[in-house]
Amino acid sequence: MEYNIAVIPGDGIGPEIIREARKVLNAIGKKYGHSFKYTEVLMGGVSIDATGVPLTEEALRTCQRSDSVLLGAVGGDVGKSGWYDIAPNLRPEAGLLALRKGLRLFANIRPAILFDELKSACPLREDIIGDGFDFVVIRELTGGLYFGDRWTKEIDGLRTATDTLVYNEKEIARIARQAFEIARKRRKKVCSVDKANVLDSSRLWRQVTKEVAKDYPDVELTDMLVDNCAMQIVRNPGQFDVILTENMFGDILSDEASMITGSIGMLASASLGETKLGLYEPSHGSAPDIAGRNKANPIATVLSAAMMLRYSFDLDKEADMVESAVKKVLKKGYRTIDIMSGGCTLVGTDEMGDLIAGEV
Ligand code: NAD
C-alpha cells in the first residue's frame, strides 16, 4: 500500500528526531512492502521566518489532503529566538493550534508505558511498579471548561469569575467510541473517569458512555471518580488499560501518567478526529537547549510513528514491530543521554535511529 504522510520537522530538535522516525518507517516499508511518501510542511518558527506566519493556508491544506501527519516539535527559546516578540496568534505554537483545529482533532491519546529497561527512571517504588504498566489516557480535546463561556464581573461588590463546563451527548459519544475502538486493539478495558458525584456534565458523560458501550460487548467498561483515579495512577498503575476522560481531567491525568514513566524523551502522542487522518507527535517540545547537537532522544517520535501505523493505517503488525525494535535496542543497553545509566552505551540521535531501524 502507498501512504502519503505530511511531515512537519518544525524547530529545535524537530528535524533531527523526524529524520530518525523516517528511517524507521522506511525500514518498515521495505520489510512489509509499503511505500511511505513524505511531503515536508513548514510550521512554527521556520515557517515564520520563511512566510511571516506559523502555518500557511497551503501548508494546512497539504496536511488535510494527506493520509496522516507526523510532527517533530515547534517553538524556540522564548528569550532568544525573536519568534515571541510578535502577536500571540503569529507565534510558533499558534501554528499547532491552527493545525489541530484545521484537522478537526478531538481526541488526544497519550500512552504511559514503563519499559523494563528504564524501570530505574520511574519515581514509583518497585513494589508498586510490579510487572510494569502500559496504559493510554484518552482525553477529549475540544469541549469542557477550556472552551466554555467565561466571564469576570463584579457581583455584590466582589470580583467574581465564572467558567462553564459544557458537553453534549454527541461530543461524549464520539470520544467514547474512539476509546472503545482503541481498547479493542489493546487489552479491551476502558475506565471512564469523571466527577459524577458532583457534576451534571459528568453524569451525562457516564450515561452516554454506557450507551456507547452496548456496541462494544467485547470491551469491559468501568467508571472511576477523577480524584480516585489520580491516586490509583500512583498506587496501582498496572490496573489500567484505557483511561477515557474529559478535557481538563485529561490534561492533569495525562501529565501525571507521563511523570511515572520517567523520561520525556520516550513519550509519544496522537490526536485523532472522525476520520483516519491523525496528528502524531512526541509529547515533548523542541528542546532548543540541545538542538543540532545529536543529543535528542528520537524514541518518542519513533513511537509516535508506530501509533500512526496502528491508528491511521491499521498496520498493527508493523506497529508492534517498531515497538519491539525499540525494546530490543534498550535491552541491548543503548541509551541517549537523557536516559543514560551506568553500564549502558551512550549513543547520539542518529545512531539510536540506525539501531532501531536495524532491528526492524
Ligand atoms: P521541552 O520539552 O522542549 O524541553 C524540556 C527539557 O527536556 C529540556 O531540558 C530538553 O532538553 C529535554 N528534552 C525534551 N525533549 C527531549 C528529547 N527528545 N531528548 C532529550 N531531551 C529532551 O520543553 P520546553 O523547554 O519547556 O520548551 C521548549 C520549546 O518547545 C518552547 O518554545 C515550547 O513552547 C515548545 N513546545 C512545543 C511543543 C510542541 O511542539 N508540541 C510542546 C511543548 C513545548
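Details of the structure are given in the entry above.
Calculation rules
Residues numbered from 1 in each chain as written. Predicted model: local features only at pLDDT ≥ 70, side-chain atom pairs only at ≥ 80, totals over all residues. Heavy atoms only, no water. Near = heavy atom within 4 Å. Areas by Shrake-Rupley, 256 points an atom, 1.4 Å probe, with all protein chains shown as cover. Nonpolar A, V, L, I, M, F, W, Y, C, P; charged D, E, K, R; others polar. Salt bridge = Lys/Arg side-chain N within 4 Å of Asp/Glu carboxyl O. Buried < 20%, exposed > 50% of the residue type's maximum accessible area, 1.4 Å probe, protein only. Helix = DSSP H or I, 4+ residues; strand = E, 2+ residues; numbered from the N terminus. Pairing = 2+ DSSP bridges. Arc of directions from axis to C-beta. Contact = heavy atoms within 4.5 Å. Polar contact = N/O pair within 3.5 Å; in protein donor to acceptor, adjacent residues only side chain to side chain. Axes fitted to C-alpha atoms, helices over the stretch in contact; angles between N-to-C directions.

Caption draft 1: Structural detail: the site of the ligand. Looking at the ligand, there are 21 residues lining it, with Gly-76, Glu-93, Gly-285, Ala-287 and Asn-297 nearest. Relative to its unbound accessible area of 810 Å², the ligand is 69% covered by the protein chains. Its residues placed into classes, the shell around the ligand shows 10 nonpolar, seven polar and four charged.

Caption draft 2: The arrangement of the pattern of salt bridges in detail. If you walk through the whole model with that rule in mind, you get 28 salt bridges. Between Asp-77 and Lys-80 there is a salt bridge, and its shortest N-O distance comes to 3.7 Å. For Lys-80, a relative accessible area of 72% gives the class exposed. Three or more residues joined by partner-sharing salt bridges are found here, namely Arg-19, Glu-20, Lys-23 and Asp-354.

Caption draft 3: Expanded view of the pairing of strand β4 (residues 107-113). The element β4 is extensively covered by neighbouring structure, given that six of its seven residues are classed as buried. Pairing geometry for β4 and strand β5 (residues 134-140), over seven bridges, is antiparallel. Note that in β5 the partner of Arg-110 across the bridge is Val-137. Bridge count between β4 and strand β11 (residues 268-272): three bridges; the pairing is antiparallel. In the sheet register, Asn-108 faces β11, and the bridge partner there is Ser-271.

Caption draft 4: Fine view of helix α3 (residues 57-65). Of the positions making up α3, those classed as buried are Ala-59, Leu-60, Thr-62 and Cys-63. On an axial view of α3, the arc spanned by its buried residues comes to 155°, and they lie on one face. Exposed residues on α3 whose side chains face more than 90 degrees from its buried face are Glu-57, Glu-58 and Arg-65. Looking at the buried positions of α3, the neighbouring elements they touch are β1 (2-10), β2 (35-40), β3 (68-73) and α4 (92-102).

Caption draft 5: Layout of unusual backbone geometry. Unlike most non-glycine residues, Asp-156 shows phi in positive territory, near 50°. Note on placement: Asp-156 falls in the loop between β6 (150-155) and β7 (158-163). Non-glycine residue Asn-294 carries a positive phi angle of around 60°. Relative to the helices and strands, Asn-294 is located in the loop between β12 (278-282) and α10 (299-311).

Caption draft 6: Representation of the side chain of Thr-261. As for its placement among the helices and strands, Thr-261 is situated in the loop between α9 (247-259) and β11. On the accessibility criterion, Thr-261 (7% relative accessible area) is buried. Of the polar contacts made by the side chain of Thr-261, one reaches the backbone oxygen of Ser-258; its length is 2.7 Å. Once residues lying within four places of it in the same chain are set aside, the contact partners of Thr-261 are Ala-112, Ile-113, Leu-114, Phe-133 and Leu-267.

Caption draft 7: Expanded view of the sheet that holds strand β8 (residues 189-194). Strand order in this open sheet of 10 strands is β2-β1-β3-β12-β11-β4-β5-β10-β8-β9, and the pairing throughout is mixed. Two strands in the sheet have a free side with no partner beyond their single neighbour: β2 and β9 (220-225). Going across the sheet, the axis of each strand differs from the next one's by a mean of 25°, ignoring polarity.

Nothing here speaks to function; it is geometry throughout.
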